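Per-entry structural report
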Amino acid sequence: MLRSWALPKGVPTSPAQDRLAVAVPDHGLDHLRYEDADKSIADIGWWEDEDRNERRMVFTLHGQQGSVRYALIHTDQDWLMHRTKGQPPG
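1. Brief notes about the environment of Gly28
Residue placement: Gly28 occurs in the loop between β2 (18-27) and β3 (45-52). Sequence-wise, Gly28 and Arg3 are 25 residues apart; in three dimensions their C-alpha atoms are separated by 9.2 Å.

This is the structure in structure tokens:
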């Protein structure tokens, strides 16, 4: 199963940006490269869990475009995706 998040405004490109992240239902591997007029894939790779608690998950995405560290932060109603200041060596 694939775990995915919808990011209506795309992934944050700097630590100054936070972007809405909406959890979508898990789906099968046949959707790995599914795109349409409303959906695109930011990158494909694997993720490395670094730290988590009930309100925050820090992880590194190791994708075709390199490795980037993000945090998913749970607010009272939504999730925000944040690009961390500290990044993995590249």
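2. Examining the pairing of strand β6 (residues 79-83)
When β2 meets β6, the two strands line up antiparallel, connected through four bridges. Note on β6: the bridge partner recorded for Asp18 is His82. Pairing of strand β5 (residues 66-74) with β6 involves five bridges; the strand directions are antiparallel. Bridge assignment links His74 to a residue of β6, and that residue is Trp79. From the end of β5 to the start of β6, which pair antiparallel, there are four residues.

How each quantity is defined
- Residues numbered from 1 in each chain as written.
- Predicted model: local features only at pLDDT ≥ 70, side-chain atom pairs only at ≥ 80, totals over all residues.
- Heavy atoms only, no water.
- Helix = DSSP H or I, 4+ residues; strand = E, 2+ residues; numbered from the N terminus.
- Pairing = 2+ DSSP bridges.

Geometry only, nothing functional implied.
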